[in-house]
Amino acid sequence: FACPQVKWKGKDLFDLVCRTLGLRETWFFGLQYTIKDTVAWLKMDKKVLDHDVPTEEPVTFHFLAKFYPENAEEELVQEITQHLFFLQVKKQILDEKIYCPPEASVLLASYAVQAKYGDYDPNVHKRGFLAQEELLPKRVINLYQMTPEMWEERITAWYAEHRGRARDEAEMEYLKIAQDLEMYGVNYFAIRNKKGTELLLGVDALGLHIYDPDNRLTPKISFPWNEIRNISYSDKEFTIKPLDKKIDVFKFNSSKLRVNKLILQLCIGNHDLFMRRRKADSLEVQQMKAQAREEKARKQMERQRLAREKQMREEAERTRDELERRLMQLKEEATMANEALMRSEETADLLAEKAQITEEEAKLLAQKAAEAEQEMQRIKATAIRTEEEKRLMEQKVLEAEMLALKMAEESERRAKEADQLKQDLQEARESERRAKQKLLEITSKSSYTQSMNSSTPALPTDLPSFNLINESLSFDFKDTDMKRLSMEIEKEKVEYMEKSKHLQEQLNELKTEIEALKLKERETALDILHNENTSRGNSKHNTIKKV
């Protein structure tokens with residue numbers, strides 16, 4: 001950020017950033033800069049240019065979360081606050097500043113995809129759509145003999161189960177899982193105890209923790225905030241005084257005075273938030289939570305409205321497709337009926353023509369039979385004088401009689417054939433009448449389908465206490481409610497463990513699935529430590545409770 005005014009204090013610049021972002025939960029954040037390889041935070045009551053900032057221009061400040069919540073879901077009210085924490089924690093996991101086991105990395109990646117892409121749609125999110133996305137730590141990718149396609153398949157399988165979650169809901173689920181990681185929200189500092197042993201000091205929302213340098217997952221000693229009476233430093237020596245006077249005072253040395261100041265800043269800030277969480281919310285926070293509930297309810301109603309509209313649109317599209325399919329079916333039936341009708345008409349015409357020909361032939365034969373009969377009668381009437389003529393005449397008469405008989409039989413046969421053709425013609429015309437009736441019925445159905453289609457509802461269009469003495473600094477914690485706070489903390493931890501039981505079952509299932517593809521020789525020290533903790537049944541919360 002460029003400082004627009006030389007006389008601005010740190011608070012002026014910080015407030016400008018918060019106003020620009022629309023951020024009201026400012027107590028979690030700060031402006032960070034780096035000086036001589038040491039991280040420092042801009043002081044609110046000090047002029048920006050009076051800080052020991054780098055001389056190079058422009059001076060770079062990073063707007064980051066300085067303090068982390070114990071329970072993200074309960075403490076982070078604004079959506080912008082949730083989003084900023086999501087982005088920061090996601091980057092820390094991908095940069096391996098927070099250790100995340102492989103199975104949890106896949107689950108977190110699926111929520112990150114849901115937050116970015118929305119609901120899974122197989123027609124849109126096709127194979128390879130995550131190829132350019134950075135979703136898993138490189139350590140996890142190198143630990144298994146798995147191709148990018150295999151990782152994408154497992155991420156997508158979980159991604160498909162998150163249907164219906166909005167971006168803010170997916171990001172919150174991401175934070176709820178990440179906050180159970182051992183290194184989440186912990187600031188580590190290299191220290192030495194009175195014997196000169198190198199150790200690590202961890203400061204987080206729950207208290208102070210002492211680690212071996214090679215094991216940042218499991219603390220050797222922990223001091224919860226409700227069990228610390230005083231924290232102070234003088235030059236490079238730091239002192240932690242427990243509330244229980246029977247417990248020895250813990251002293252250590254840090255490498256630089258600047259580091260001691262930073263440690264004390266983080267201790268004061270985290271302790272203040274620790275106490276704040278266990279008191280009634282301020283009026284400002286109550287108003288923010290009320291606004292957040294109203295906004296959440298409004299968004300929920302909007303999502304329900306959009307879901308109903310989407311359902312109605314899909315039902316209307318299904319109805320339209322069904323009507324179109326039915327219309328096409330009726331058109332096909334009508335075409336077939338027309339063809340059958342045309343065939344029936346052609347057959348009827350042919351039968352009628354054939355019947356007419358047969359009838360004419362029958363008439364002609366009857367006429368010939370009559371002529372033959374007349375000829376026979378004429379011959380009979382003719383007198384043949386000679387015997388030979390008589391015999392010839394009798395022979396001719398016999399032949400004429402046989403011819404007349406044949407003619408009569410042929411005439412009778414043709415008459416029967418004509419009758420049969422008339423009957424066939426009648427049947428053909430009856431078939432034609434039935435085909436016309438069916439065509440009329442189909443035409444009526446088509447008209448009904450069109451009227452149904454036109455009455456389909458139109459699709460929606462809007463779819464969519466510092467004391468400074470002889471260069472030493474101390475900070476005293478009030479012990480008024482410390483015992484009560486201890487009981488509250490234990491109760492909260494038990495409740496949270498119960499909620500995460502189902503999630504752990506999912507993670508164990510994926511871990512078992514990909515275990516066969518692991519390359520044991522590529523395991524890091526943190527991987528080995530995490531597996532040992534898991535096999536002993538140790539988690540972040542019960543480990544702190546034990547130590």
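Everything that follows concerns the structure shown earlier in this document.
Residues numbered from 1 in each chain as written. Predicted model: local features only at pLDDT ≥ 70, side-chain atom pairs only at ≥ 80, totals over all residues. Heavy atoms only, no water.

Focus on the overall build of the protein chain
Here comes step 1: Helix and strand counts for the protein chain stand at 14 helices and twelve strands.
Here comes step 2: Here the protein chain, with 547 residues, has 40% of them falling under the buried criterion.
Here comes step 3: Roughly 33,000 Å² of accessible area belongs to the protein chain as shown, and the carbon and sulfur atoms make up 52% of that amount. (Helix = DSSP H or I, 4+ residues; strand = E, 2+ residues; numbered from the N terminus. Buried < 20%, exposed > 50% of the residue type's maximum accessible area, 1.4 Å probe, protein only. Areas by Shrake-Rupley, 256 points an atom, 1.4 Å probe, with all protein chains shown as cover.)

Describing a positive patch on the surface
Here comes step 1: A cluster of like positive charges, contributed by K194, K195, R229, K241, K245 and K251, occupies part of the molecular surface.
Here comes step 2: Tracing the sequence through the fold places K251 in strand β10 (residues 250-254). (Patch = residues over 30% accessible without salt bridge, like charges linked within 9 Å, V, L, I, M, F, W, Y side chains within 5 Å. Salt bridge = Lys/Arg side-chain N within 4 Å of Asp/Glu carboxyl O. Lys, Arg positive; Asp, Glu negative; His and termini not counted. Charge placed at Lys NZ, Arg CZ, Asp CG, Glu CD.)

Describing the environment of K66
Here comes step 1: Within the secondary structure layout, K66 lies in the loop between β3 (62-65) and α2 (72-75).
Here comes step 2: When the C-alpha positions of K66 and G30 are compared, they lie 5.7 Å apart, and in sequence the two are 36 residues distant.
Here comes step 3: The contacts of K66, once residues within four sequence positions are left out, are F28, F29, G30, W41, N187, Q265 and L266. (Contact = heavy atoms within 4.5 Å.)

Regarding the pattern of salt bridges
Here comes step 1: The final tally for this structure, using the stated rule, is 23 salt bridges.
Here comes step 2: With a shortest N-O distance of 2.5 Å, R277 and E75 are connected by a salt bridge. Within this pair, whereas R277 is found in helix α8 (residues 257-277), its partner E75 is found in helix α2, the two being separated by 202 residues in sequence.
Here comes step 3: The partner of E79 in a salt bridge is K299, and the shortest N-O contact between them spans 2.2 Å. Residue E79 is located in helix α3 (residues 79-94), and its partner K299 is located in helix α9 (residues 283-381); the two are separated by 220 residues in the primary sequence.
Here comes step 4: The exposure class assigned to E79 is partly exposed, which follows from its relative accessible area of 28%.

Quick notes on the packing of helix α4 (residues 102-117) against helix α7 (residues 167-178)
Here comes step 1: The geometry of α4 relative to α7 is characterised by a closest axis approach of 8 Å and an angle of 160° between their N-to-C directions. By the angle between their directions, the pair α4 and α7 is classed as roughly antiparallel. Note that α4 runs across α7; the crossing there is left-handed. Here L107, L108, Y111, A112, Q114 and A115 of α4 lie close against α7, whose contacting residues are R167, A170, E171, E173, Y174, I177 and A178. (Axes fitted to C-alpha atoms, helices over the stretch in contact; angles between N-to-C directions. Parallel < 35°, antiparallel > 145°, perpendicular 65-115°, else oblique. Left-handed = near helix turned anticlockwise from the far one by under 90°.)

Looking at the sheet that holds strand β1 (residues 29-35)
Here comes step 1: What the three strands build is an open sheet, ordered β2-β1-β3; its pairing is antiparallel. Both edges of this open sheet fall to β2 (38-41) and β3, since each of them pairs with a single strand only. Each adjacent strand pair in this sheet contributes to an overall mean axis angle of 45°, direction not counted.
Here comes step 2: Here β1 runs beside β3; their pairing, made up of four bridges, is antiparallel. Note that in β3 the partner of F29 across the bridge is A65.
Here comes step 3: Strand contacts of α3: β1 and β3, with the helix running at about 100° to β3, the strand carrying the most contacts.
Here comes step 4: Relative to the sheet, α8 contacts β1 and β2, its axis offset from that of β2 by approximately 45°. (Pairing = 2+ DSSP bridges.)

Examining the pairing of strand β5 (residues 198-203)
The side chains of a regular strand alternate between the sheet's two faces.
Here comes step 1: With respect to burial, β5 is a largely interior element, five of its six residues being buried.
Here comes step 2: Looking at chain direction, strand β4 (residues 187-193) and β5 are connected through six bridges and run antiparallel. The residue of β5 that forms the bridge with F189 is L201.
Here comes step 3: Hairpin connection, β4 to β5: the antiparallel pair is bridged by four residues, and G196 has positive phi, about 90°.
Here comes step 4: Strand direction decides the pairing type here: β5 and strand β6 (residues 207-211), joined by four bridges, are antiparallel. The residue bridging L201 from the neighbouring strand is I210, located in β6.
Here comes step 5: Taken together, β5 and the strand that follows it, β6, pair antiparallel across an intervening segment of three residues.

As for the packing of aromatic side chains
Here comes step 1: Evaluation of the coordinates by the stated rule reveals 18 aromatic pairs.
Here comes step 2: Note on F29 and F63: the rings are 5.3 Å apart at their centroids and 10° apart in plane angle, and the pair reads as stacked. In this pair, F29 sits in strand β1 while F63 sits in strand β3, placing the two residues 34 residues apart along the sequence.
Here comes step 3: On the numbers, 6.3 Å between centres and 35° between planes, the contact of F129 with Y159 is tilted. With F129 in the loop between α4 and α5 (138-143) and Y159 in helix α6 (residues 148-159), this pair connects stretches of sequence that are 30 residues apart.
Here comes step 4: Members of the aromatic cluster, each reached through a chain of ring pairs, are F14, W27, F28, F29, F63, Y68, F85 and Y184.
Here comes step 5: Geometry around W27 places R276 over its ring, the cationic atom sitting 4.0 Å from the centre.
Here comes step 6: The side chain of R278 reaches across the aromatic face of F274, ending 3.9 Å from its centre. (Phe/Tyr/Trp six-rings, centres within 6.5 Å; stacked < 30°, edge-to-face > 60°. Lys NZ or Arg CZ within 6 Å of the ring centre and 35° of its normal.)

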